[in-house]
Amino acid sequence: VVLLCFRKYLLMALTSCLFWNAFGSSVTMGSKPNILLFLADDLGIGDIGCYGNNTIRTPNIDHLAREGVKLTQHIAAAPLCTPSRAAFLTGRYPIRSGMASSNRYRALQWNAGSGGLPANETTFARLLQQQGYTTGLIGKWHQGVNCESFNDHCHHPLNHGFDYFYGMPFTLLNNCQENKPPELDVALQAKLWLYSQITILAVLTLTAGKLTGLISIHWKIIACFTLMGGLFFISWYSSYGFVRYWNCILMRNHDVTEQPMRLERTASLMLKEAVSFIKRNKNGPFLLFVSFLHVHTPLFTTAKFLGKSRHGLYGDNVEEMDWMVGRILDSLDKEGLKNLTFTYFASDHGGHLEARDGSAQLGGWNGIYKGGKAMGGWEGGIRVPGVFRWPGVLPAGTVTDEPTSLMDIYPTVVHLAGGILPQDRVIDGRNLMPLLQGRAQKSEHEFLFHYCGSYLHAVRWHQKDSGVIWKAHYVTPVFHPSGAGACYGKGICPCFGEGVTQHNPPLLFDLSRDPSEAKPLSADTEPLFDTVIQQIGRAIEEHRRTLTPVPEQLSVYNVVWKPWLQPCCGTFPFCWCDKEGDSTQTL
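Only a predicted model underlies this, so the values are computations on that prediction, with no experimental measurement involved. Within any chain, residue numbers begin from 1 and follow the written order of that chain's sequence. Predicted model: local features are reported for residues with pLDDT of at least 70 only, side-chain atom pairs are reported and counted for 80 or more only, and whole-chain, interface and lining totals are derived from all residues. The side-chain numbers reported here are obtained from all heavy atoms of the structure, hydrogens and water having been left aside.

S.K.: Please clarify how the overall build of the protein should be interpreted in this entry.
M.R.: Comment: elements are numbered from the N terminus, with helices defined as DSSP H or I runs of at least four residues and strands as E runs of at least two. From N to C terminus, the protein includes 15 helices and 18 strands. Only C-alpha atoms enter the radius of gyration, while the globule expectation follows 2.2 Å times N to the 0.38, with N the number of residues. In summary, the protein has a C-alpha radius of gyration of 26 Å against a globular reference of 25 Å for 587 residues, a match within 12%. Summarising its shape, the C-alpha atoms of the protein cover approximately 120 × 65 × 50 Å along the three principal directions. Burial analysis of the protein (587 residues in total) assigns 57% to the buried set. Here, two residues are considered to be in contact whenever any of their heavy atoms come within 4.5 Å of each other. Here the contacts in the protein between residues at least 6 apart in sequence split such that 73% fall between residues at least 24 apart. Accessible surface for the protein amounts to roughly 24,800 Å². Of this, 58% is attributable to carbon and sulfur atoms. The distance from the centre of the 51 positive side-chain charges to the centre of the 48 negative ones in the protein is 3 Å. Only protein chains enter the accessibility calculation, which uses a 1.4 Å probe; a residue is then buried when its area is under 20% of its type maximum, exposed when over 50%, and partly exposed in between. Areas reported here follow the Shrake-Rupley algorithm with a probe of radius 1.4 Å; residue values treat only the protein chains shown as occluding. Charge assignment: positive for Lys and Arg, negative for Asp and Glu; neither His nor the chain ends contribute. By convention, charge coordinates are those of NZ in Lys, CZ in Arg, CG in Asp, or CD in Glu.

As structure tokens, this is what we get:
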């Protein structure tokens, strides 16, 4: 009897120890999970079923949520792709890495720009690589490629901890699809065309005047004027006239495989690569970051999904992405990896309200939340889906309303891999495992700072003792037309200048009672108004003391096209190739 009791207690102690090692404060080498991260592009929080949409069909993402934890207050660190993804990869506000802009170019514009994620930034891929993970990125990068030459690859994924990369070093644009209106720098291109036409008209007028004798001018002056006009035209048309060749390319590691890319097979290629990566690395551990090109314009959708949704081309594109999520999750099941994989799904920021083709909406829906993509403070631009699954570790069917951030993925996956966070820099993200497992009831975030470029637009205060979520807006965009809810006259809302309104005192909202930010509070309507504003003001001062000056990666110089930095699969400027052939599987 004594022996049986001893064995019983020994077994209990051993079980308890194993549980702690696997799911407690540390993770042993034997318990390292595979990590699968899905990140959509421009997807609104209201676009998927598990967040309330009952017309767009997203069964695979919904199933993922039912099997895991759904976050309802998951916040992007920036409302635009380049800075948001920099924060996701580094666990730090973009302003710390120089990926926040003080000019109107808030995202990288060219593969041949010199800006990008600095080499001294440490991504979670780098830290997991050091812990024995095989790391892969399939899809969109948009964090830069080169610095000084066309093959230095200083900003490339392989220089930031990824063992394998297949995808777009840039992002999808309307320019990537033939017969679509241009999307890149449309206003500037219109001005450049106008100046070129004025130059041509001036040359023709001078020539006619010279020939008719109405103008006394030397031919050399006309020739010089013609040469200058020609050089001006070539200088800008050599970049903007060939956007599809310069930006719309696919790469495998350092090699360009399609230039320009063929959109009709891109989804097949991405899916094939993701499934192949899982199969190759099924003995793990692996990190696979699937960074979807969906659902960014031009919303190229394969024939299988065209016209199948109730929300036009945008809905078709969302449903195709959901199907791809399902196929990748199926590959996990097939390899017996479902219970051994920590899976995450999110969007880089809110839906693009201004994306339209006439009356057709080409951008996402942000649910009850005000604003959208590119708006630094309003919830619609920064509140995104956040779904986690790890069977047997994370409780299924759980909903968490606490404030969390995309930056939290960094310390979370590093913790799961058994790694150590960098000690020489500020990490703004927090490990989510205690919250996801239910071992903690409150988020570790007290304040979250909402930037538009390098300009602080709003601050969120999680008052933990009361559970109230306060949000103060210091700057908001001026909607165009007035009251429209977006900047339809501009394409995206600006961060500074005449296109914004400064608020002193700031607009204050209680998101706990007013998540739509419809009713700003005042000292007359809220007794705690002055106290809350003062507390947030002190938090801003403390936050700014942690910032150090760094080179701005999105300066005008860094984002302009530089031909000597252009990735090219031939001899520049003869850059076109198709190394994929027609061997891809059909969807």
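S.K.: Got a minute to help me understand the UniProt feature "domain: Sulfatase N-terminal" (unreviewed entry) in the protein in this structure?
M.R.: UniProt positions are given in the numbering used here, feature names are shortened, and annotations may be inferred rather than shown by experiment. Sequence positions flagged by UniProt for "domain: Sulfatase N-terminal" (unreviewed entry) are, in local numbering, residues 33-418. Here residues 33-418 is 34% helix and 16% strand, with 10 Å between the C-alpha atoms at its ends.

S.K.: What exactly am I supposed to notice about the packing of aromatic side chains here?
M.R.: In this description, an aromatic ring pair is defined by two values, namely the gap between the centres and the angle between the planes. Any pair of Phe, Tyr and Trp rings, taking the six-membered ring for Trp, is counted once the centres come within 6.5 Å. Such a pair is stacked with planes under 30 degrees apart, edge-to-face with planes over 60 apart, and tilted for the rest. Under the defined criterion, the tally for this structure stands at 30 aromatic pairs. Each ring, one from Trp110 and one from Trp561, has its centre 6.4 Å from the other, and the planes form 50°; the classification is tilted. Of this pair, Trp110 sits in the loop between α4 (94-97) and α5 (124-130) while Trp561 is found in the loop between α15 (556-559) and β18 (577-578), placing the two residues 451 residues apart along the sequence. Take Trp561: its relative accessible area is 15%, and that puts it in the buried class. What links up through ring pairs into an aromatic cluster is the set Trp110, Trp193, Phe233, Trp236, Tyr237, Tyr240, Phe242, Trp246, Trp561 and Phe572. Two thresholds decide whether a charge sits over a ring: the Lys NZ or Arg CZ must be within 6 Å of the ring centre and within 35 degrees of the ring normal. We note Lys70 situated over the ring of Tyr51; from NZ or CZ to the ring centre the distance is 5.0 Å. Positioned above the aromatic ring of Tyr164, the side-chain terminus of Arg280 is 5.0 Å from the ring centre.

S.K.: So what exactly am I meant to see when it comes to helix α14 (residues 529-545) here?
M.R.: Counting along an α-helix, one turn takes 3.6 residues, and residues three or four places apart therefore face a common direction. Helix length check: α14 (17 residues) gives 25 Å between terminal C-alpha atoms against 24 Å at 1.5 Å per residue, within 8%. Taken residue by residue, α14 has Phe529, Val532, Ile533, Ile536, Ala539, Ile540 and His543 as its buried positions. Projected down its long axis, α14 shows its buried positions confined to an angular sector of 120°, all on one face. Opposite the buried face of α14, by more than 90 degrees, sit the exposed residues Glu542 and Arg545. Packed against the buried residues of α14 are α4, β14 (447-452), β15 (455-463), β16 (468-477) and β17 (500-510). A helix is expected to span 1.5 Å multiplied by its residue count minus one. Note: the arc covers the axis-to-C-beta directions of the helix.

S.K.: In this structure, what is going on with the state of the cysteines? I would like to understand it.
M.R.: Note on terminology: a disulfide is the covalent bond linking the sulfur atoms of two cysteines. Cysteine sulfur atoms that come within 2.5 Å of each other are treated as a disulfide pair. The full count for this structure, using the stated rule, is six disulfides. The disulfide bridge from Cys568 ends at Cys575, spanning 2.0 Å between sulfur atoms. Taking the sign of the torsion about the S-S bond as the criterion, the disulfide between Cys568 and Cys575, at about -105°, is left-handed. Each member of the pair Cys568 and Cys575 is classed as buried. One disulfide in the model links Cys569 with Cys577; its S-S distance is 2.3 Å. Given an S-S torsion of about -120°, the disulfide between Cys569 and Cys577 has left-handed geometry. With relative accessibility at 16%, the residue Cys577 sits in the buried group.

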